[in-house]
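Notes for the structure review
Below, each chain spelled out in residue letters.
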Amino acid sequence: NIDPVAAAEVIKVQCKSGEFDAIRQCVIRAIDNAKQYFIFDRAGHFRKNNVWFKTKAVNSETGEIAPCLVIPPNEQSDDLSIMLPQENHMPTHQVTWNGGTPTKARLRVKVVTGSDIKEVVDPFDFRFFRNTHQAKNIDGVWQAAEFHGYIYELPPGSIQQYIDHDECTNVTPIL
C-alpha cells in the first residue's frame, strides 16, 4: 500500500553526531516519523489512495495476535481506530442515516474489476500495489480494480443489506 522509497524519505533522520545521546535522539525522531507516516497518515498517503496501513494487534485479554487495518483520526474524531478481519470482528463502524438509530455495520469497498464487473469487497481484500488498486477475487487472486467508494454492510436481518457512505449522517469506527 505504500511506495517504500517515498516512505523512507519521510521517515529518515540525519544524525550529525556519533555521540550516543545524539544517535538515541535521532532514533527516537525516526520512530516518531514512522508513527506519523504509517499510523496517523499525516502525509495523507493512505487516505488519498483509499487504503489503510496493515499491521497486527494484540488482544490484551487473550494475547492473540490478529492482522488489523489502522483507521487514522479524521475530521469527525481525533481517535485512532482499527479494523479486524471479518472472522475476528464483523462490525467496523457505527453508522446513522435518515435520522435513524445508530447501527453497527462493516465497512466494504465498492470496486469495478475486469469486464466492468461491480463488486463489494472487504477492506482486507483491497490494496494499492505498484500504483494500481487491486481487489482479491473469489479465488483469492489479486486483480486490477477501480475504486468506486465505500459502503457499509448492515447486520443480517436488516431491511437492506448495504448503506452507501454518502447516505450516512454519522460514521464512527467501533474499535
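Anything mentioned here points back to the structure above.
Conventions used here
- Residues numbered from 1 in each chain as written.
- Predicted model: local features only at pLDDT ≥ 70, side-chain atom pairs only at ≥ 80, totals over all residues.
- Heavy atoms only, no water.
- Phe/Tyr/Trp six-rings, centres within 6.5 Å; stacked < 30°, edge-to-face > 60°.
- Helix = DSSP H or I, 4+ residues; strand = E, 2+ residues; numbered from the N terminus.
- Lys NZ or Arg CZ within 6 Å of the ring centre and 35° of its normal.
- Contact = heavy atoms within 4.5 Å.
- Axes fitted to C-alpha atoms, helices over the stretch in contact; angles between N-to-C directions.
- Parallel < 35°, antiparallel > 145°, perpendicular 65-115°, else oblique.
- Left-handed = near helix turned anticlockwise from the far one by under 90°.
- 1 Å grid on protein atoms, 1.4 Å probe; cavity = no way out; pocket = protein on both sides within 12 Å on 5 of 7 lines; lining within 4 Å.
- Points joined across faces, edges and corners; volume = space filled by probe spheres on them.
- Nonpolar A, V, L, I, M, F, W, Y, C, P; charged D, E, K, R; others polar.
- Patch = residues over 30% accessible without salt bridge, like charges linked within 9 Å, V, L, I, M, F, W, Y side chains within 5 Å.
- Areas by Shrake-Rupley, 256 points an atom, 1.4 Å probe, with all protein chains shown as cover.
- Salt bridge = Lys/Arg side-chain N within 4 Å of Asp/Glu carboxyl O.
- Pairing = 2+ DSSP bridges.

With the rule as written, the count across this model stands at 8 aromatic pairs. Ring geometry for phenylalanine 126 versus phenylalanine 147: centroids 6.0 Å apart, planes at 40 degrees, classification tilted. With phenylalanine 126 in strand β7 (residues 126-129) and phenylalanine 147 in strand β9 (residues 142-153), this pair connects stretches of sequence that are 21 residues apart. Three or more aromatic residues joined by ring pairs make a cluster, and in this case those are Tyr37, Phe38, Phe46 and Phe53. The ring of phenylalanine 129 is capped by arginine 127, whose NZ or CZ atom sits 4.3 Å from the centre of that ring. The aromatic ring of tryptophan 142 is capped on one face by arginine 127, whose charged end is 4.1 Å from the ring centroid.

Structurally, proline 102 is set in the loop between β4 (93-97) and β5 (103-113). Separated by 69 residues in sequence, proline 102 and valine 171 have C-alpha atoms that sit 8.8 Å apart. Those residues in contact with proline 102 that lie beyond four places of it in its chain are Gln94, Val95 and Thr96.

Here we come to the packing of helix α1 (residues 4-11) against helix α2 (residues 20-39). With their axes 8 Å apart at the nearest point, α1 and α2 run at an angle of 130 degrees to one another. The orientation of α1 relative to α2 falls into the category oblique. As for the relative orientation of α1 and α2, their crossing is right-handed in sense. Of α2, the residues touching α1 (which contributes Ala7, Val10 and Ile11) are Ala30, Asn33, Ala34, Tyr37 and Phe38.

Looking now at the layout of surface pockets. Estimates place the volume of the largest pocket at around 500 Å³. Lining the largest pocket are 22 residues, and of these Arg47, Ile71, Asn74, Tyr150 and His165 lie nearest its centre. Mapped onto the lining of the largest pocket, the elements with two or more residues apiece are α3 (45-48), β9 and β11 (168-173). Top element by residues in the lining of the largest pocket is β11. It accounts for 5 residues. Its residues assigned to classes, the lining of the largest pocket shows 12 nonpolar, 7 polar and 3 charged.

To continue, consider a nonpolar patch on the surface. Nonpolar side chains collect at one region of the surface, where Ile23, Val27 and Ile31 lie side by side and expose about 250 Å² of accessible area between them. By the element assignment, isoleucine 31 lies in helix α2.

A few words on the pairing of strand β8 (residues 132-136). Here β7 runs beside β8; their pairing, made up of 4 bridges, is antiparallel. Considered in β8, the bridge of arginine 127 is made with glutamine 134. Where β7 hands over to β8, the hairpin turn is made up of 2 residues, of which arginine 130 adopts a positive phi near 50 degrees. Sheet topology note: the β8/β9 ladder contains 3 bridges and is antiparallel. Bridge pairing in β9 places glutamine 134 opposite alanine 144.

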